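# Summary of the model geometry
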Amino acid sequence: SNPTCSNSISIEPFKDDTQLPAIIQLVSADLSEPYSLWTYRYFTSNWPKFTFLALNEEKNTIGAIVCRLEEHRTSRRLRGYIGMLAIDSKVRRRGIASQLVEVAVERLAGSGADEIVLETEVGNVAALKLYEKLGFTRDKRLMRYYLNNSDAYRLKLWLN
């Protein structure tokens, strides 16, 4: 692949609601069950600094990661949560997803997260490989987690 391509991709923090349609388009292209606009707004309005976009040279959105940070229900620990990660199918396998996860992890860690979790379908080999390469481990298997009845793995990255 042409190295100048990957250099022209910039990872930028979420700015405002005008970016929501691009995020929604990317994420919903990947999902078996689309989220409501409310779900996107819930993340981006409560935790705007944990959403990042990948833009190409033309400033089109080609990737997005949407996260939140909250206090753990049972302990006082802060838990980061990766709610959505999507890359335009035309630019996959170029490390864009890894870049987005790394930037989000850095921001969550810098904001006090002790751990970061996410769920992914058991059959989503690409996602499992990506996250495990970045240090996430399989925490548990969630039976029939998705509406289509497929199981999920909860993956966890321990920060401290």
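Residues numbered from 1 in each chain as written. Predicted model: local features only at pLDDT ≥ 70, side-chain atom pairs only at ≥ 80, totals over all residues. Heavy atoms only, no water.

## Describing helix 2 (residues 20–30)
Along helix 2, the residues classified as buried are L20, I23, L26 and V27. For helix 2, the arc enclosing every buried residue in end-on projection is 135°, short of the 170-degree limit, so these residues lie on one face. Every exposed residue of helix 2 that faces more than 90 degrees away from the buried side is listed here: P21, Q25 and A29. If you follow the buried residues of helix 2, they end up packed against helix 3 (37–46), strand 2 (51–55), strand 3 (61–71) and strand 4 (78–87). (Buried < 20%, exposed > 50% of the residue type's maximum accessible area, 1.4 Å probe, protein only. Helix = DSSP H or I, 4+ residues; strand = E, 2+ residues; numbered from the N terminus. Arc of directions from axis to C-beta. Contact = heavy atoms within 4.5 Å.)

## Some points on the nonpolar core
Ranked by internal contacts, the top residues of the largest apolar core, which has 31 residues, are I65, I82, I96, V101, Y131 and F136. Among the elements of the structure, strand 2, strand 3, strand 4, helix 4 (96–110), strand 5 (115–121), helix 5 (125–133) and strand 7 (152–158) are those that each provide at least two residues to this core. With seven residues, helix 4 is the single largest residue contributor to this core. The contacts of V101, once residues within four sequence positions are left out, are I65, I82, L85, L130, Y131, L134 and F136. (Core = buried A, V, L, I, M, F, W, Y, C linked by side-chain atoms within 4.5 Å.)

## Some details on the packing of aromatic side chains
A full pass over the atoms with the stated rule returns six aromatic pairs. Measuring from centroid to centroid gives 5.2 Å for W38 and Y42, while their planes differ by 15°, and the two rings are stacked. Highlighted residues: W38 and Y42, both in helix 3, separated by four residues, approximately one helical turn. The exposure class of W38 is exposed, given its relative accessible area of 61%. Residue class for Y42 comes out partly exposed when judged on its relative accessible area of 26%. Measuring from centroid to centroid gives 5.2 Å for Y131 and F136, while their planes differ by 70°, and the two rings are edge-to-face. (Phe/Tyr/Trp six-rings, centres within 6.5 Å; stacked < 30°, edge-to-face > 60°.)

## Digging into the sheet that holds strand 3
Reading across from one edge, 1-2-3-4-5-7-6 is the order of the seven strands in this open sheet, with mixed pairing throughout. A single partner strand is all that each edge strand has here, and the edge strands are strand 1 (10–13) and strand 6 (137–142). Pairs of neighbouring strands in the sheet enclose a mean axial angle of 25°, with direction left out of account. Taken together, the nine bridges between strand 3 and strand 4 define a ladder with antiparallel strand orientation. Within the sheet, the bridge partner assigned to G63 lies in strand 4 and is I87. The strands touched by helix 4 within the sheet are strand 1, strand 2, strand 3, strand 4, strand 5 and strand 7, with strand 3 carrying the most contacts at an inclination of about 25°. (Pairing = 2+ DSSP bridges. Axes fitted to C-alpha atoms, helices over the stretch in contact; angles between N-to-C directions.)

## Quick word on the pairing of strand 3
The element strand 3 is largely enclosed, with a buried count of eight among its 11 residues. Here five bridges tie strand 2 to strand 3, and the two strands are oriented antiparallel to one another. Counterpart to T51 in the pairing with strand 3 is V66. Hairpin connection from strand 2 to strand 3: five residues lie between these consecutive antiparallel strands, with K59 at a positive phi of about 70°. Linking two consecutive strands that pair antiparallel, namely strand 3 and strand 4, is a turn of six residues.

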